[in-house]
Amino acid sequence: MQFDLEKSTPILERTPDILNQLLRNLPNDWVSHNEGPDTWSPFDVVGHLIHGENTDWIPRVKIILAHGDTEAFEPFDRFAQYELSKGKTLDSLLDEFQLLRKKNIQELKGLKLTDQDLLKTGRHPELGIITLKNLLAAWVVHDLGHINQITRVMAKQYTHEVGVWTQYMKVLGKT
């Protein structure tokens, strides 16, 4: 499938609602566990998504539109959520993510990006030259990847509880 902003925006718009429906008001056991060292819990993922809303997607769109590839993006701290989410509840993070995403989608729509705009290039600090289309497609895939990650981490909480069905549960990495 080729990137289409009109077809992609609904995914971005729905992510906060999906996470809200999946995670809000769950017992802490569901949202605080991860898959082991150097992995993230659902709580961590929501914090990471918030950090991205503040410092990654729309700020980088603006850099591309204003400077092209002459100005590299600020490096993204993929672990900033640990400090930024301290002392917050998951429900407060879900609320914050929903507000930030709504604002960013309004801003994205307000840019009225053209096909020519989508071909404009930017400079990623690690990956090099990318297009605006690449950035926006990555935003969509990033959301879908983290939804997948959250459901996988949650499913793994019952790895031993499903008993003999483990062999049929791809989400548990058994087949």
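Rules of the game
Residues numbered from 1 in each chain as written. Predicted model: local features only at pLDDT ≥ 70, side-chain atom pairs only at ≥ 80, totals over all residues. Heavy atoms only, no water. Helix = DSSP H or I, 4+ residues; strand = E, 2+ residues; numbered from the N terminus. Expected span 1.5 Å × (residues − 1). Bend = angle between axes of the 7 residues up to and from the residue. Buried < 20%, exposed > 50% of the residue type's maximum accessible area, 1.4 Å probe, protein only. Contact = heavy atoms within 4.5 Å. Polar contact = N/O pair within 3.5 Å; in protein donor to acceptor, adjacent residues only side chain to side chain. Pairing = 2+ DSSP bridges. Arc of directions from axis to C-beta. Core = buried A, V, L, I, M, F, W, Y, C linked by side-chain atoms within 4.5 Å.

**A word on helix α1 (residues 5-23)**
An ideal rise of 1.5 Å per residue puts 27 Å on 19 residues; α1 measures up with 28 Å between its terminal C-alpha atoms. At Arg14, α1 is bent by approximately 35°, the largest bend along its length, and proline Pro16 sits one to four residues beyond. Three or more residues of α1 are buried, namely Leu5, Ser8, Thr9, Leu12, Thr15, Pro16, Leu19, Asn20 and Leu23. Buried residues in α1 make contact with α2 (28-32), α3 (42-55), α6 (90-110) and α8 (132-155). Of the residues flanking the start of α1, the one acting as N-cap is Asp4, its side-chain oxygen 2.9 Å from the backbone nitrogen of Glu6.

**Re the side chain of Ser85**
Its location among the elements puts Ser85 in the loop between α5 (81-84) and α6. Leave out the neighbours within four places in its chain, and Ser85 touches Phe43, Gly47 and Leu93.

**As for the environment of Asn134**
Considering the arrangement of structural elements, one finds Asn134 in helix α8. Along the sequence, Asn134 and Ala66 sit 68 residues apart, while their C-alpha atoms lie 17 Å from each other.

**Remarks on the pairing of strand β1 (residues 121-124)**
Both faces of the sheet carry side chains from a regular strand, because those side chains alternate between them. Burial along β1 is one-sided: Gly122 and His124 are buried, and none of Thr121 and Arg123, which face the opposite way, are. As paired strands, β1 and strand β2 (residues 128-131) are joined by four bridges and run antiparallel to one another. By the bridge assignment for β2, Thr121 is matched with Thr131. Where β1 hands over to β2, the hairpin turn is made up of three residues, counted between the paired strands.

**Some details on the side chain of Asp117**
Here Asp117 lies in helix α7 (residues 115-118). Aside from chain neighbours lying at most four places away, what touches Asp117 is Leu65, Lys112 and Leu132.

**Concerning α6**
An α-helix turns once per 3.6 residues; consequently, residues spaced three or four apart project the same way. The end-to-end C-alpha separation of α6 is 30 Å, in line with the 30 Å expected for 21 residues at 1.5 Å each. Within the sequence span of α6, burial applies to Leu90, Leu93, Leu94, Phe97, Leu100, Arg101, Asn104, Ile105 and Leu108. Within α6, the buried residues cover an arc of 140° as seen down the axis, which keeps them to one side. Exposed residues pointing more than 90 degrees away from the buried face of α6 are listed as Leu99, Lys102, Gln106 and Gly110. Each element contacted by the buried residues of α6 is listed here: α1, α2, α3, α4 (57-67) and α8. In the segment just after α6, Lys112 is the residue with positive phi, at about 45°.

**Quick look at the nonpolar core**
Ranked by size, the top nonpolar core spans 18 residues in total, and within it Ile64, Leu108, Leu113, Leu132, Leu135, Leu136 and Trp139 carry the most contacts. Listing elements by their share of this core, those giving two or more residues are α1, α4, α6 and α8. Ignoring any residue separated from it by four or fewer positions in sequence, one finds Trp139 in contact with Leu12, Glu53, Trp57, Ile58, Arg101, Asn104, Ile105 and Leu108. Core analysis: the next-biggest nonpolar cluster, separate from the first, contains 17 residues, Leu49, Leu90, Leu94 and Ile150 among them.

**Structural notes on unusual backbone geometry**
Positive phi, close to 65°, is recorded for Asn25, a residue that is not glycine. With respect to the element layout, Asn25 can be found in the loop between α1 and α2. A positive phi is found at Asp38, a non-glycine position, where the angle reads about 60°. Considering the arrangement of structural elements, one finds Asp38 in the loop between α2 and α3.

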